[in-house]
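Structural overview for review
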Amino acid sequence: MPSLIAEANRVNDFVVKFANVNGTGSASANSLIMKAIFRMGVPVTGKNYFPSNIQGLPTWYEIRVTRDGYAARASHVDIMVAMNAETYSKDIRELRSGGYLIYDSTWPRSALLQRGDISVIPVPLAKLVNENFDGVRNRILLKNIAYAGVLAALLDVDLGVISGLLSDSYGKKPKLLDSNTKALRLGYDYVKENLASPLPLRVEHMEKTHGHIMIDGNTAAGLGCVYAGATVGAWYPITPSTSLMDAFKGFCERYRVDAQSGERNFAVLQAEDELAAVGMVLGASWNGARAFTPTSGPGISLMNEFIGLAYYAEVPCVIFDVQRVGPSTGMPTRTQQGDVLLCAYASHGDTRHVLLFPANPEECFYMAVQAFDLAERLQTPVFVLSDLDIGMNDWMCPDLKWDDAYKPDRGKVLSKQEIDGLEKFYRYLDRDDDAIPYRTLPGTSAKGAYFTRGSGHNQYGGYTEDSAEYQVVLDRLKRKFVNAAKYVPKPALIGKGNNAVGIVSIGSCDGAIREALDVLTQQKIEVDYLRVKAFPFGAEVEAFLKSHSTLFVVEQNRDAQLKSLLTLETAVEKSKLFSILSYSGLPISAQPIVDEIRAKLAEAPRLSAVPR
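The rules behind each value
Residues numbered from 1 in each chain as written. Predicted model: local features only at pLDDT ≥ 70, side-chain atom pairs only at ≥ 80, totals over all residues. Heavy atoms only, no water. Helix = DSSP H or I, 4+ residues; strand = E, 2+ residues; numbered from the N terminus. Expected span 1.5 Å × (residues − 1). Buried < 20%, exposed > 50% of the residue type's maximum accessible area, 1.4 Å probe, protein only. Pairing = 2+ DSSP bridges. Axes fitted to C-alpha atoms, helices over the stretch in contact; angles between N-to-C directions. Contact = heavy atoms within 4.5 Å. Polar contact = N/O pair within 3.5 Å; in protein donor to acceptor, adjacent residues only side chain to side chain. Phe/Tyr/Trp six-rings, centres within 6.5 Å; stacked < 30°, edge-to-face > 60°. Lys NZ or Arg CZ within 6 Å of the ring centre and 35° of its normal. Parallel < 35°, antiparallel > 145°, perpendicular 65-115°, else oblique. Left-handed = near helix turned anticlockwise from the far one by under 90°. Core = buried A, V, L, I, M, F, W, Y, C linked by side-chain atoms within 4.5 Å. pLDDT = per-residue confidence, 0-100. Nonpolar A, V, L, I, M, F, W, Y, C, P; charged D, E, K, R; others polar.

**Examining helix 4 (residues 136-155)**
- Helix length check: helix 4 (20 residues) gives 29 Å between terminal C-alpha atoms against 28 Å at 1.5 Å per residue, within 8%.
- Of all 20 residues making up helix 4, 14 are buried, and the element is well covered by its neighbours.
- Just beyond helix 4, the residue with positive phi is Asp 156, at close to 65°.

So this is what it looks like as structure tokens:
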């Protein structure tokens, strides 16, 4: 029995990281542990770091057990389950002092014992599985379940809960249920018979997950599209957005197929590329359907020509940009917020677009619905800027709620009766002085027919190259964008609002910032935080920027794109803005935010006594 470094009990507050080989079926075992802890009432988050190939390269999965409900990636690892010999040296380095390394001791690994400040826990996993199961592939898969059993014993995870999860998955397949249960018990019993357990880091039942679900942002967004009334989705597969369309298709096949006739009341189209995909969406939207496309940065680049057409011809559409690391192909399976400026000004000429910034899967659901309403109300493309961390990782979110009284906001769409009552229909005429014209749908009335133009047109819908006529339309489009600030989601403020120091951020930075605020408050540093939910920026953003003398802009890209957008689109004094940037491809964590704010404030004479 190995000797373990003494550590005080830490209950429901630690990080477990699994180091595996991609394609070995480890995801199911890792998810099994996370879901079991969640079902024990303990808040958890799961972060998956996987390669952009199909099989063979290293992959990691990180579970943060957090009794305080923090959603951000932790900046340390307490327990490493090292199942990939190729990454042992890297995995050992990531462990914090006093941490625990679990590895397959079927083969001796003396190099693992070189750190004297960690506890090494050897378990002969391959030997156990090989002695009890047949078939190479079967043994590989079941070894993962065996290490789940090891962790269950070491962390005191309720074995009954895990067994319940296995029954949920394999209840209709008795052979699979039996083999997985047996593998789980092999690992669990080995620990109980040969090792000291549980560890000082362990799990206890809580009541903090009631009314919550585990879900990823792409699934939530796909569900939101269904609830919003979207019936057409077109896309070209690209990581990390493909699972959004997969989710939408799955929900539609379940809820949008007529039980009597079998008729499908939806269309999902895989295009030859992203430009074609958004073209299909514009065609469907112009015909009156609620249509969307999910993509990532490279796809947005290809879509630019049609995005400009949608902006200028005023065709509503929704584009989900699940951001990943660039430039170019970059790191397709890592997360970033590098498309902010690309989407804000997508296409050539003078264009500005409405952007929504969800912070978690819950908001992906609700903002999907808001995006369709905004697109039709404003008759313009609307971008929902998620990212890989939100889109593909496991988040604990409150139960999603729905108001059955919801009615889609179709905007200014004229009925046949309304069209017939007009002396003449002009597509781009601002009748109400709100910069939003009226539109018609094909087939409603011949009197409402018009030519959709991406070329120069006047307010009556006719072709023009007259400078004055052209400017009338462009000036109205600018007013429409400015007015959009009244309709987009308002920013969220945390703090008193009257502190000298403020943080401004968007999207998935939210969890790390909220945790950083708790740490700063404990250190007697009071900071206000404004999470911007949309662009264009409204009066609340302007007021926050004006009322704080020092502003930290937290974002996940190299070139401070949000800071640039704030500088371009508000009256903020640039010298007040200080960037905190994270662009490693890993989700941002709280500690760097705390460190950079403390370091900057310590430079100011009036704050030279910042606690250290």
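**Comments concerning the sheet that holds strand 6 (residues 95-104)**
- Overall, mixed pairing links the six strands, which are arranged 3-4-2-5-6-7 in an open sheet. Looking at which strands have only one partner, the edges of the open sheet turn out to be strand 3 (44-49) and strand 7 (119-123). Direction aside, neighbouring strands of the sheet carry axes that sit 15° apart on average.
- With four bridges connecting them, strand 2 (residues 13-21) and strand 5 (residues 77-82) associate as parallel partners. Paired with Ala 19 across the two strands is Ala 82, which belongs to strand 5.
- This element, helix 1 (residues 26-39), spans strand 2, strand 3 and strand 4 (58-66) of the sheet and lies at about 5° to strand 4.

**Quick notes on unusual backbone geometry**
- Following Gly 326, the chain continues to Pro 327 via a peptide bond in cis, the omega torsion being 0°.
- Positionally, Pro 327 belongs in the loop between strand 13 (317-323) and helix 11 (340-344).
- Omega for the peptide link from Phe 535 to Pro 536 comes to 15°, which places this bond in the cis form.
- Residue position: Pro 536 is located in the loop between strand 20 (534-535) and helix 17 (539-547).
- Despite not being glycine, Ser 328 shows a phi value in the positive range, around 50°.
- The phi dihedral of Gln 379 falls on the positive side, at around 55°, and the residue is not glycine.
- Position of Gln 379 among the secondary structure elements: in the loop between helix 12 (361-378) and strand 15 (381-387).

**Some remarks on the side chain of His 353**
- Structurally, His 353 is set in the loop between helix 11 and strand 14 (354-356).
- Polar contacts involving the side chain of His 353 include one to the main-chain carbonyl oxygen of Ala 346, which spans 2.9 Å.
- Apart from residues no more than four positions distant in its own chain, His 353 is found in contact with Ile 307, Tyr 311, Cys 343, Ala 344, Tyr 345, Ala 346, Pro 381, Phe 383, Phe 481 and Phe 535.

**Side note on the packing of aromatic side chains**
- Within the structure shown, the criterion is met by 14 aromatic pairs.
- Ring centres of Tyr 426 and Tyr 460 lie 4.8 Å apart, and the angle between their planes is 70°; on these two criteria the pair is classed as edge-to-face. With a gap of 34 residues between them, Tyr 426 in the loop between helix 14 (416-420) and helix 15 (467-483) and Tyr 460 in the loop between helix 14 and helix 15 connect regions that are remote in the sequence.
- Each ring, one from Phe 535 and one from Phe 537, has its centre 5.1 Å from the other, and the planes form 65°; the classification is edge-to-face.
- Classification of Phe 535 by relative accessible area gives buried; the value is 0%.
- Members of the aromatic cluster, each reached through a chain of ring pairs, are Tyr 227, Phe 365, Tyr 366, Trp 402 and Tyr 406.
- Sitting over the ring of Phe 133, Lys 182 keeps its end group 5.2 Å from the ring centre.
- Lying over the aromatic face of Tyr 438, Lys 412 brings its terminal NZ or CZ to 4.8 Å of the ring centre.

**Topic: the packing of helix 9 (residues 274-286) against helix 10 (residues 297-313)**
- Two elements in contact, helix 9 and helix 10, have axes whose closest approach is 7 Å; the angle formed by their N-to-C orientations is 30°. As judged from the angle between their axes, helix 9 and helix 10 are roughly parallel. Every pair of crossing elements has a handedness; the one defined by helix 9 and helix 10 is right-handed. Side by side, helix 9 and helix 10 meet where Glu 274, Leu 275, Val 278, Gly 279 and Leu 282 of the first sit next to Gly 299, Leu 302, Met 303, Glu 305, Phe 306, Leu 309 and Ala 310 of the second.

**Topic: helix 6 (residues 174-194)**
- Taking 1.5 Å of rise per residue, the 21 residues of helix 6 would be expected to cover 30 Å, and the 30 Å separating its terminal C-alpha atoms lies within 8% of that figure.
- Among the residues making up helix 6, those that are buried are Leu 177, Ser 179, Asn 180, Ala 183, Leu 184, Leu 186, Gly 187, Tyr 188, Tyr 190 and Val 191.
- Next to the buried residues of helix 6 lie strand 7, helix 3 (125-130), helix 4 and helix 5 (159-170).

**Details of the nonpolar core**
- Counting 57 residues, the largest nonpolar core has Ile 79, Ile 102, Val 123, Leu 151 and Val 157 as the members making the most contacts within it.
- No other element matches the 11 residues that helix 4 contributes to this core.
- Here Ile 79 is in contact with Phe 14, Val 15, Val 16, Lys 17, Leu 95, Tyr 100, Ile 102, Leu 151, Leu 155, Leu 199 and Leu 201, once residues within four sequence places are set aside.
- Within the second largest apolar cluster, 44 residues are counted, among which are Ala 234, Ala 346, Leu 385 and Leu 530.

**Some words on the confidence of the model for the protein chain**
- Model confidence for the protein chain is summarised by a mean pLDDT of 94, while 96% of its residues fall at 70 or above.
- A low-confidence stretch, residues 1-6 (pLDDT under 50), is modelled with 17 contacts involving residues beyond four sequence positions or located in other chains.

**Observations regarding the packing of helix 4 against helix 6**
- Contact geometry of helix 4 with helix 6 gives a least axis separation of 7 Å together with a crossing angle of 45°. The pairing of helix 4 with helix 6 is recorded here as oblique in orientation. Between helix 4 and helix 6 lies a crossing of right-handed hand. When helix 4 is examined against helix 6, the residues Leu 142, Ile 145, Ala 146, Ala 148, Gly 149, Val 150, Ala 152, Ala 153 and Leu 154 are found in contact with a partner set consisting of Ser 179, Asn 180, Ala 183, Leu 184, Gly 187, Tyr 188, Val 191 and Lys 192.
- Along the lines of polarity and charge, the residues of the contact of helix 4 with helix 6 split into 12 nonpolar, four polar and one charged.

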